[in-house]
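# Structural description and commentary
If you want the building blocks of each chain, they are given just below.
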Amino acid sequence: MREHPGRNVVVVGAGAVGATFAYALMLDGTAEEIVLVDRNQDLARGQAMDLSQGRQFAQPVNIRVGTAADYAGADVIVITAGSAQKPGESRLDLLQRNAQIIRSITHEIVGTGSQAVVIVVTNPVDLLTQIAVRTASDERQRIFGSGTVLDSARFRGLIAEHCQVDIHNVHAYIIGEHGDSEVPAWSMSHIAGVPVWDHCSGCHRCHDELSDADNRERLVQQVRDSAYHIIGYKGATNFAVGLALVRIVRSVLRNERSVMTVSTVLAGEYGMRDVCLSVPCVVGRNGIERVIEGKLSKEELAGLTQSAKVLHERLLELEG
Ligand code: NAI
C-alpha cells in the first residue's frame, strides 16, 4: 500500500472524454483535486475554468490546469489523450496514431517517479494499455485499461431492460477485447444468483427468451454496435464512458475492491499470458489486486482465445 494516499486525479487529454469524466468526477465528490493536462493548453485552461466555476453547485474539489510535472503527486492518472474514433473507423485503425502518444506520456509518468495508478482509456485501449505496461517495465498491477467496463454496463443495461429488473441486480460481464471480438460471458451472468438464461426461461413474460441462441446473439450485437451507432449520430461517445471512469477511479481512491472488467496484461490467468484484455478484476487502492478466474463455457473460452489472438496479431503488426 502506498504511503499517505490522497485523492489527486490527473486527467491527461481534456477533450470530450477527459472533460466529461472530470465533470462527472466533480459531481461524485471522490476527488480532492482534479488536474487537467492537454497538449492544447488553451483547451485545458478553458475546461478547468469552466468546471471550476460550477464548484458552488458540486462537491468540494479543486480543479486546475497542469503539466507533466503533476504526474509526480498524482494518486490516479487517467489517460484519454489521443484521437477519437472517426465514423466508420475501427478501434484498431487508431493504433498507430495513438501508440506514440501513450509511449511518450508513460515515459513522462515514469520519469517523474510517480506512484499513481494509471488508467488508460485511449483506443484501442487493450493494445495501448499493453504498450503502457511495457514502457513502464511491466508494471501490470498499477497500469490497466478501462477495458470493457462500459461494454459490460451496456450488456447489463440490455439484460435489465429485457428482464424488467433493476440494472443493479444484474451481474453480467463482457470480456476480451474492447472491440469487435469481445465476448459475452453468459455463464458468469446472473440475476439474484439465478443464471440469466434460467431466469429468462422461468419468467414467461415474452417470446424472445435468452435461452434461445439467436435472441442472445441479437442482444450481444446491440452491445457491440453501441459505440458505432453513437459515433454515427454525434461523432463521439463521452457520457457513459465518463461515468464508467468515475466508477473505476472511485474504487481505487476508496479502496473499494470492486469487481470490474478492466483490461489487464494476463500472466497465466485463463491459460493466457502477455496479452492485455478484459476479465473480471478486483480493483483497489494499488490498482488490480487480482484477476477473478470465472468458469467459462467451452465456447466462451474459445471466444476469449480468439480475442487474444486478434490482439496479439495487431501488436505484432504494430511492432513489425
Ligand atoms: P478528443 O479529440 O476530444 O480529445 C483528445 C484530447 O487529447 C485532445 O484535446 C488532444 O489535444 C489531447 N492530446 C492528444 N495528444 C496529447 C498528448 N500527447 N498529451 C496531452 N494531450 C494530448 O477525443 P475524445 O473523444 O475525448 O476521445 C479520447 C480517446 O478516448 C479516444 O482515443 C477515444 O477513442 C477513446 N475512448 C475510449 C473509450 C473506452 O471505453 N475505452 C470510450 C470513448 C472514447
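The structure presented is a predicted model; accordingly, all values stated were derived computationally and were not measured.

### Observations concerning the layout of surface pockets
Estimated volume of the largest pocket: approximately 790 Å³. Lining the largest pocket are 41 residues, with Thr80, Ala81, Gly82, Ser83 and Thr122 sitting closest to its centre. Top contributing element to the lining of the largest pocket by residue count: helix α3 (residues 95–111), with four residues. Split into classes, the residues belonging to the lining of the largest pocket amount to 18 nonpolar, 18 polar and five charged.

### With respect to the nonpolar core
Burial of nonpolar side chains together is a common tendency in soluble globular proteins. Grouped together as the largest cluster of nonpolar side chains are 83 residues, with contacts concentrated most on Val9, Ile34 and Ile77. The leading source of residues in this core is helix α8 (residues 239–253), at eight residues. Built from parts of two domains, this core gets at least three residues from each of domain 1 (8–145) and domain 2 (149–319). Sequence-distant contacts of isoleucine 77, defined by excluding residues within four places in its chain, comprise Val10, Val12, Tyr71, Ile109, Ser114, Ala116, Val117, Val118 and Ile119. Phe155, Cys163, Ala172 and Cys200 belong to the second largest nonpolar core, which has 16 residues in total.

### Points about the sheet that holds strand β11 (residues 194–195)
The strands that make up a sheet are held in pairs by hydrogen bonds between backbone atoms, and each pair lies either parallel or antiparallel. One open sheet accounts for three strands, arranged β7-β10-β11; its pairing is antiparallel. Strands with a single pairing partner mark the edges of an open sheet, and in this sheet they are β7 (170–171) and β11.

### Comments concerning the pattern of salt bridges
In this structure the tally under the stated criterion is 14 salt bridges. Here arginine 140 makes a salt bridge to glutamate 269, at a shortest N to O gap of 3.2 Å. One end of the pair, arginine 140, is in the loop between α4 (125–135) and β6 (143–145); the other, glutamate 269, is in the loop between β13 (263–267) and β14 (273–278), and 129 residues separate them in sequence.

### Some thoughts on helix α2 (residues 41–52)
In this model, α2 (12 residues) spans 16 Å end to end at C-alpha, consistent with the 16 Å of a helix rising 1.5 Å per residue. Every buried residue of α2 is accounted for by Ala44, Gln47, Ala48, Leu51 and Ser52. Buried residues of α2, seen end-on, are gathered within an arc of 125° and therefore sit on one face of the element. Set apart from the buried face of α2 by more than 90 degrees, the exposed residues are Asp42 and Asp50.

So, how was this worked out
- Every chain begins its residue count from 1, and numbering advances along the sequence as written.
- Owing to the predicted nature of the model, reporting of local features is limited to residues with pLDDT of at least 70; listing and counting of side-chain atom pairs is limited to 80 or more, with chain, interface and lining totals taken over all residues.
- Hydrogens are left out, water is left out, and the side-chain values use all remaining heavy atoms of the structure.
- Think of a 1 Å grid over just the protein atoms. A cavity is a set of points where a 1.4 Å probe fits yet cannot get out, a pocket is an open set with protein on both sides within 12 Å along at least five of seven lines, and lining residues have an atom within 4 Å of a point.
- Grid points are joined across faces, edges and corners, and a volume is the space filled by probe spheres set on the points.
- A run of H or I in DSSP counts as a helix once it spans at least four residues, and a run of E counts as a strand once it spans at least two, with each numbered from the N terminus.
- Under the convention adopted here, Pro, Cys and the residues Ala, Val, Leu, Ile, Met, Phe, Trp and Tyr are nonpolar, Asp, Glu, Lys and Arg are charged, and Gly plus all remaining residues are polar.
- Throughout, nonpolar core names a set of buried Ala, Val, Leu, Ile, Met, Phe, Trp, Tyr and Cys residues whose side chains join them through atoms within 4.5 Å.
- To sort residues, take the accessible area from a 1.4 Å probe on protein chains only and compare it with the maximum for the residue type: under 20% means buried, over 50% means exposed, and anything in between is partly exposed.
- Each domain's extent is set by a domain assignment, obtained either automatically or from a database.
- What makes two residues a contact is simply this: any of their non-hydrogen atoms within 4.5 Å.
- Paired strands are those between which DSSP finds at least two bridges.
- The salt bridge criterion pairs a side-chain nitrogen of Lys or Arg with a carboxyl oxygen of Asp or Glu, the two atoms within 4 Å.
- For a helix, the expected span equals 1.5 Å multiplied by the residue count minus one.
- To be clear, the arc concerns the directions from the helix axis to the C-beta atoms.

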